[in-house]
Amino acid sequence: LRQLDGHPRGILSVQCGPSWCVSGDSDGTVLVWGDNFECRQNLRVPRARITVVRYGELEVITGDSNGCIAIWWIKTGTILKQCKAHEGSVADLQFDATRVISCGFDGTVQVVDILTGDVLQTLRGHDGPVLAVSFDSRSILSASRDGTLRRWVWGDMSSRFEDKIHTFAAGDTLPAISQRYEIELDDLITWKGIRR
């Protein structure tokens with residue numbers, strides 16, 4: 001029906017709606033297409049491949065091969081917020097008015113504050129790259145190359161683990177800390193993101 005030209009390199013991500021389309025490529029270019037599929041905005045991320053793009057009415061959210069998430073203001077083409085969320089490529093992301101949930105090849109799911117760009121929470125538990133993520137008001141669902149789907153309930157971590165502040169002293173071990181705070185050793189290792 002129609003062919004859209006404008007990307008200098010291969011397109012890695014696309015999202016379309018009834019009167020818009022947004023696409024990102026391996027050259028770091030993001031194109032925002034409007035009514036009649038004219039190019040409304042040409043956004044550029046230097047030295048990165050755009051691995052995922054998502055469209056909002058006023059903003060575009062991108063994830064790239066450097067693990068960065070960027071929030072773009074469509075009207076001006078400027079980056080409002082940017083943060084390094086992953087150690088490796090961002091595989092997928094979803095967002096609402098207050099947060100961006102992303103997943104990546106580092107095996108984590110990240111919860112990012114859309115207003116400040118701060119990483120609010122890191123969810124660990126998959127044994128491989130996390131390839132897709134979705135969320136609603138009750139939970140986050142993540143799918144990984146390890147062959148599992150994981151459901152993360154909002155507030156679940158805080159209900160399982162009370163916030164603890166602990167400064168390691170000479171001779172402290174993980175089993176000793178686990179006993180002191182009455183936390184299972186495996187849970188403590190997972191919670192702290194320690195690789196065995």
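Before reading further, recall that the structure is shown in the block above.
Computed from a predicted structure; not experimentally measured. (Residues numbered from 1 in each chain as written. Predicted model: local features only at pLDDT ≥ 70, side-chain atom pairs only at ≥ 80, totals over all residues. Heavy atoms only, no water.)

Draft legend 1. Quick peek at the overall build of the protein chain. Each helix and strand counted, the protein chain has three helices and 15 strands in total. Looking at the protein chain residue by residue over its 196 residues, the buried ones come to 42%. Long-range pairs, those at least 24 residues apart, make up 31% of the contacts in the protein chain with a sequence separation of at least 6. Of the roughly 11300 Å² of accessible surface on the protein chain, 49% is carried by carbon and sulfur atoms. (Helix = DSSP H or I, 4+ residues; strand = E, 2+ residues; numbered from the N terminus. Buried < 20%, exposed > 50% of the residue type's maximum accessible area, 1.4 Å probe, protein only. Contact = heavy atoms within 4.5 Å. Areas by Shrake-Rupley, 256 points an atom, 1.4 Å probe, with all protein chains shown as cover.)

Draft legend 2. Up close: the sheet that holds strand S2 (residues 21-25). On the basis of which strands lie adjacent, the open sheet formed by four strands has the order S1-S2-S3-S4 and antiparallel pairing. Edge positions in the sheet fall to strand S1 (11-16) and strand S4 (39-44), since each of these pairs with one other strand and no more. Looking at each pair of strands side by side, their axes are set apart by 15° on average, direction ignored. (Pairing = 2+ DSSP bridges. Axes fitted to C-alpha atoms, helices over the stretch in contact; angles between N-to-C directions.)

Draft legend 3. Examining the packing of aromatic side chains more closely. The tally for this structure, following the rule as stated, stands at two aromatic pairs. Note on Trp 20 and Tyr 55: the rings are 4.0 Å apart at their centroids and 15° apart in plane angle, and the pair reads as stacked. Here the residue Trp 20 occupies a position in the loop between S1 and S2, and Tyr 55 occupies one in strand S5 (residues 50-55), the gap between them amounting to 35 residues. For Trp 20, a relative accessible area of 16% translates into the label buried. (Phe/Tyr/Trp six-rings, centres within 6.5 Å; stacked < 30°, edge-to-face > 60°.)

Shape descriptors only; they carry no functional weight alone.
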